[in-house]
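Overview (structure and organization)
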Amino acid sequence: MDKNKRITVFLHMLVWFVLFSMPYVLWYGQEREINRLIAHFWIPLVLYVIIFYINYFVLVDRMLFVKKTLLFALINISIIVFFIFLREYIESTFFQDIARRVFQDKDSPGPPFKMFVYMQMLSYMPPLLFAIAIKTTKRWAKTESQNKEANNYKLRSELQHLHYQLQPHFFFNSLNNIYSMVDVVPDQAKQSIHGLSKLMRYMLYETKMELVPLSKEIDFMEKYIDLMRLRISDKTKVYYSFPSENSQIQIAPLLFISLIENAFKHGVSASKESCIKISMIVKNDNVFFSTINDDFPKKTDDKSGSGIGFENLEKRLKLLYPNKYSFKKFVKDGQFLVSLEIKTL
């Protein structure tokens, strides 16, 4: 028996112990009539226990929860009526001096027969309703737990899919960049391949955790920026600023790389001067990240990168940091601006 079942059994025993001992305790110091105590309190409680557990273990699950409501009601009514007459039989047979007769003379005091049966039936409703309430609550809790587990599984699966989607997207863009350098500057292309291998090692082996140290993400972004600098000319100025102190913040991996990729993809021109600014600020447990780049829109037939970077990022943010992030992107005065704020706690 596991711990939860032991606790449940203990609570059941405790409740019934309190109910059975309460009449005796309330009569403490008074003249006790043990027969009256048995007939008026303990026998009814035994019948309440029986009707409670018949419903708790059998009827609620097998009838009420499977929509056999009418049969459930008929069985309970039959049990209650049987218990009413059983109790009267026990009292009239074994406790004749205090028995409450079902059939009464016209001149004798006491409620009419129909009223008596009605009141007796009502007295059996609390244990029946408690059994229904407890089983319904347990069923609801179990359903909620299963739904939560299913949602967590779905969340993990979707995040894993997005993570796996991001890796080839990043690899595809990087290979495109290196390919453009092979014939023009082969030495830099070799250096880029070496740098790319380091980045891929991080992506493959160190980003499987749900959270990674922010310092590792910063190191990864700095290496990527250095790699991208190899393929651009002196016409493009790149400025970046990351926190220098060793922050203890943990964050989901690979959230910012899509923003940096986009800045280099759309912020570089072969004929015009341009500027790319990348900034990260950490304040308390909040991370502020921004990119600003001159906007050189790609042609509509340019499919490099498939355009999934922002879409992937926004889906991951909704799953990982619901109601704890702010993501904005817009064009102003010929510049493309992106800002991302994440509350890590």
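Before any of the text, the structure's been laid out above.
The rules we used
Residues numbered from 1 in each chain as written. Predicted model: local features only at pLDDT ≥ 70, side-chain atom pairs only at ≥ 80, totals over all residues. Heavy atoms only, no water. Phe/Tyr/Trp six-rings, centres within 6.5 Å; stacked < 30°, edge-to-face > 60°. Lys NZ or Arg CZ within 6 Å of the ring centre and 35° of its normal. Axes fitted to C-alpha atoms, helices over the stretch in contact; angles between N-to-C directions. Helix = DSSP H or I, 4+ residues; strand = E, 2+ residues; numbered from the N terminus. Parallel < 35°, antiparallel > 145°, perpendicular 65-115°, else oblique. Left-handed = near helix turned anticlockwise from the far one by under 90°. Nonpolar A, V, L, I, M, F, W, Y, C, P; charged D, E, K, R; others polar. Contact = heavy atoms within 4.5 Å. Pairing = 2+ DSSP bridges. Core = buried A, V, L, I, M, F, W, Y, C linked by side-chain atoms within 4.5 Å. Buried < 20%, exposed > 50% of the residue type's maximum accessible area, 1.4 Å probe, protein only. Patch = residues over 30% accessible without salt bridge, like charges linked within 9 Å, V, L, I, M, F, W, Y side chains within 5 Å. Areas by Shrake-Rupley, 256 points an atom, 1.4 Å probe, with all protein chains shown as cover. Salt bridge = Lys/Arg side-chain N within 4 Å of Asp/Glu carboxyl O. Expected span 1.5 Å × (residues − 1). Arc of directions from axis to C-beta.

Under the criterion given, the structure shown has 15 aromatic pairs. The structure contains a cluster of three or more aromatic residues connected by ring pairs, namely Trp16, Phe52, Tyr53, Tyr56 and Phe57. Taking NZ or CZ as reference, Lys135 lies 5.0 Å from the ring centre of Tyr56, over its face. Above the ring of Phe65, the side-chain terminus of Arg139 is found at 4.3 Å from the ring centroid.

On to the packing of helix α2 (residues 34-64) against helix α3 (residues 69-94). Look at α2 against α3: their axes get within 11 Å of each other, and the N-to-C directions meet at 165°. The angle between the axes of α2 and α3 places the two elements in the roughly antiparallel class. Handedness of the α2/α3 crossing: right-handed. Taken together, the residues of the contact of α2 with α3 sort by class into 19 nonpolar, four polar and two charged.

Following both chains from N to C, one finds helix α6 (residues 186-205) and helix α7 (residues 214-229) inclined at 155°, their axes separated by 10 Å at the closest point. Our classification of the angle between α6 and α7 gives roughly antiparallel. Classified by chirality, the crossing of α7 by α6 is left-handed. Across from Ser192, Leu196, Leu199, Tyr202 and Met203 in α6, the residues of α7 making contact are Lys216, Glu217, Phe220, Lys223, Tyr224 and Leu227.

Attention now moves to the pairing of strand β7 (residues 335-343). The pairing of strand β5 (residues 286-294) with β7 spans nine bridges and is classified as antiparallel. Residue pairing across strands places Ile292 opposite Leu337, the latter belonging to β7. Sheet topology note: the strand β6 (residues 325-332)/β7 ladder contains eight bridges and is antiparallel. Along β7, the bridge assignment pairs Tyr325 with Ile342. The turn joining β6 and β7, which pair antiparallel and follow one another in sequence, is formed by two residues; a positive phi near 55° is taken by Asp333.

Let's shift gears to the pairing of strand β4 (residues 274-283). Across a regular strand the side chains alternate sides, sitting on one face of the sheet and then on the other. Judged from the six bridges that link them, strand β2 (residues 236-241) and β4 form a sheet pairing that is parallel. Following the sheet pairing, Lys237 is matched in β4 by Cys275. Bridge analysis of β4 against β5 gives eight bridges, and the strand direction is antiparallel. Note that in β5 the partner of Met280 across the bridge is Phe289.

This part covers the nonpolar core. By size, the foremost hydrophobic cluster in this structure holds 45 residues, and its most contacted members are Leu255, Phe256, Phe264, Met280 and Phe289. Looking at this core, the elements that each hand over two or more residues are α6, α7, α8 (257-266), β4, β5, α9 (309-320) and β7. Of the residues forming this core, the biggest block, eight residues, is contributed by α7. Residues contacting Leu255, with those up to four places away along its chain left out, are Glu217, Leu313, Arg316, Leu317, Leu320, Tyr321 and Ile342.

Turning our eyes to something else, we now look at a nonpolar patch on the surface. A cluster of nonpolar side chains, contributed by Ile7, Phe10, Leu11, Leu14, Val15, Phe17, Val18, Leu19, Met22 and Leu26, occupies part of the molecular surface with about 930 Å² of accessible area. With respect to the helices, strands and loops of the structure, Leu14 is situated in helix α1 (residues 3-26).

As a further point, take α9. Across its 12 residues, α9 extends 16 Å between first and last C-alpha, which sits within 8% of the 16 Å expected from 1.5 Å per residue. Residues Gly309, Phe310, Asn312, Leu313, Arg316 and Leu317 constitute the buried set of α9. Taken around the axis of α9, the buried residues stretch over an arc of 160°, which confines them to a single face.

As a further point, take the sheet that holds β5. Pairing is mixed across the open sheet formed by five strands, whose spatial order is β2-β4-β5-β7-β6. On the outer flanks of this sheet lie β2 and β6, each paired with one strand and no other. Within this sheet the neighbouring strands show an average axis-to-axis angle of 5°, counted without direction. The sheet strands contacting α7 are β2, β4 and β5, and the helix crosses β2 at an angle near 170°. Of the strands in this sheet, β2, β4, β5, β6 and β7 touch α8, which is tilted by about 10° from β5.

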